[in-house]
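# Observations on the three-dimensional arrangement
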Amino acid sequence: MDIKNLEKAMDIYARLVTGEDIKRGGANGILYDDYYGNAEVYEIVGIMLQKLNLSVYEYKESLFLSAGDGNRIFGYTNEELKKNMGLRYNKELYLCYFIIYEILLSFYSDSASYQFKEYIRIENIMEEVTKALSVFTKDIAVYDIEEEKQESFQAIALLWDELPASTGEDQEEIRASRASKASFVKLTFNFLVGEKLFVEVNRRYYPTERFQAIVEHYFEEYRGQIYDSLSKETREE
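Parameters at a glance
Residues numbered from 1 in each chain as written. Predicted model: local features only at pLDDT ≥ 70, side-chain atom pairs only at ≥ 80, totals over all residues. Heavy atoms only, no water. Axes fitted to C-alpha atoms, helices over the stretch in contact; angles between N-to-C directions. Helix = DSSP H or I, 4+ residues; strand = E, 2+ residues; numbered from the N terminus. Parallel < 35°, antiparallel > 145°, perpendicular 65-115°, else oblique. Contact = heavy atoms within 4.5 Å. Nonpolar A, V, L, I, M, F, W, Y, C, P; charged D, E, K, R; others polar. Buried < 20%, exposed > 50% of the residue type's maximum accessible area, 1.4 Å probe, protein only. Pairing = 2+ DSSP bridges. pLDDT = per-residue confidence, 0-100. Left-handed = near helix turned anticlockwise from the far one by under 90°. Phe/Tyr/Trp six-rings, centres within 6.5 Å; stacked < 30°, edge-to-face > 60°. Lys NZ or Arg CZ within 6 Å of the ring centre and 35° of its normal. Polar contact = N/O pair within 3.5 Å; in protein donor to acceptor, adjacent residues only side chain to side chain.

Put simply, helix α2 (residues 29-37) and helix α3 (residues 39-51) touch, their axes get as near as 5 Å, and they point 95 degrees apart. Between α2 and α3, the angle is such that the two are roughly perpendicular. Residue-level contacts link D34, Y35, Y36 and G37 of α2 to A39, V41, Y42 and V45 of α3. Across the contact of α2 with α3, the residue classes break down as six nonpolar, one polar and one charged.

So, in structure tokens, the structure goes:
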């Protein structure tokens, strides 16, 4: 192994893990060229990321790092997410997961179908979440999923159904909280903005290249994960 190639690979990893951009033609453009132009560097980076349960994705000649499923070092546990987002119960966290899922569906229906949208708004997601969860608040049983998963979805559907649309604030004053449907969506968007997946401008949420890179590569593989997460625990007391 060439020590210089090891150093280049370590540099690429260090920049990615600290959130720096590695983009062809950018400030770290030489690292992008090293990654794709040097087979040994590419292989070393790949081995390092595999061992750490990380993945690197390319989008528009830029590299983006993402934690793998269950990554306890670079990802979040449910408890960490609840603390980070100011949530108390798992069903509140699962509701946020479902909101994220509907946000993804606003742009992707499957891995080969990107729906071009410049931005989405809080009210757009509120409508989609209400529509998607309405089936679980009906008297008629849902037969196409397992009973355990029905109960989990019913828990978040009932939570959503009990929330007021808003707490009387206008769109300019929506605050992130657990007090209303609008504030729950705002809370979720705030988390996504913090993760550099969206940018908020005048109450509009624009997906970043990081969002597009990760979703484009991950969507099909992890599309069913929302169901798995929700089915792990049923309604809390």
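Assignment of secondary structure puts K186 in helix α8 (residues 181-194). Residue class for K186 comes out buried when judged on its relative accessible area of 12%. Contacts of K186, omitting those with residues within four sequence positions, involve I122, I174, R175, A176, E200 and Y205.

The next subject is the sheet that holds strand β1 (residues 22-23). Strands in a sheet are paired, the pairing made by backbone hydrogen bonds, and the direction either parallel or antiparallel. If you trace the three strands from one edge of the open sheet to the other, you get β1-β3-β2, paired in antiparallel fashion. For this open sheet the edge positions go to β1 and β2 (54-58), each flanked by a neighbour on one side alone. Pairing of β1 with strand β3 (residues 62-67) involves two bridges; the strand directions are antiparallel. Bridge pairing in β3 links K23 to S62.

What follows concerns the confidence of the model for the protein chain. Taken as a whole, the protein chain shows an average pLDDT of 80; of its residues, 77% reach a score of 70 or greater. Low pLDDT (under 50) marks residues 139-148, which in the prediction has 10 contacts with non-local residues, meaning those over four places away or in another chain.

Interhelical geometry of helix α1 (residues 3-17) versus α3 gives an angle of 50 degrees and a closest axis separation of 9 Å. By the angle between their directions, the pair α1 and α3 is classed as oblique. The way α1 lies across α3 gives a crossing that is right-handed. Contacts from N5, L6, K8, A9, M10, I12 and Y13 of α1 reach α3 at E40, V41, I44, V45, M48 and L49. The residue makeup of the contact of α1 with α3, split by class, is 10 nonpolar, one polar and two charged.

Moving on to the pairing of strand β7 (residues 204-207). Along β7, the buried face is formed by Y205 and P207; none of R204 and Y206, which line the opposite face, is buried. The antiparallel pairing of strand β6 (residues 198-201) with β7 creates a hairpin that spans two residues between the two strands, and N202 there sits at a positive phi of about 50 degrees.

Attention now moves to the packing of aromatic side chains. Taken as a whole and assessed by the stated rule, the structure comprises 12 aromatic pairs. Between F107 and F211, the ring centres sit 5.5 Å apart and the planes meet at 70 degrees, which makes this aromatic pair edge-to-face. Of the two residues, F107 is situated in the loop between α5 (90-105) and β4 (108-110) and F211 in helix α9 (residues 209-222); the sequence distance between them amounts to 104 residues. For F211, a relative accessible area of 3% translates into the label buried. Lying over the aromatic face of W160, K181 brings its terminal NZ or CZ to 5.5 Å of the ring centre.

What follows covers unusual backbone geometry. Here K60, not a glycine, exhibits a phi torsion of approximately 50 degrees, which is positive. Summarising the element assignment, K60 is placed in the loop between β2 and β3.

Examined bridge by bridge, β2 and β3 share five bridges and lie antiparallel to one another. Paired with E58 across the strands is L63, a residue of β3. Connecting the antiparallel pair β2 and β3 is a turn made up of three residues, with K60 showing a positive phi of about 50 degrees.

On to α2. Among all positions in α2, only G29, L31, Y32, D34 and Y35 are buried. For α2, the elements touching its buried residues are α1, β1, α3, β2 and β3.

Note that N38 resides in the loop between α2 and α3. Side-chain polar atoms of N38 contact the side chain of N5, separated by 2.9 Å. In this structure N38 touches N5 and D33, once residues within four positions along its chain are discounted.

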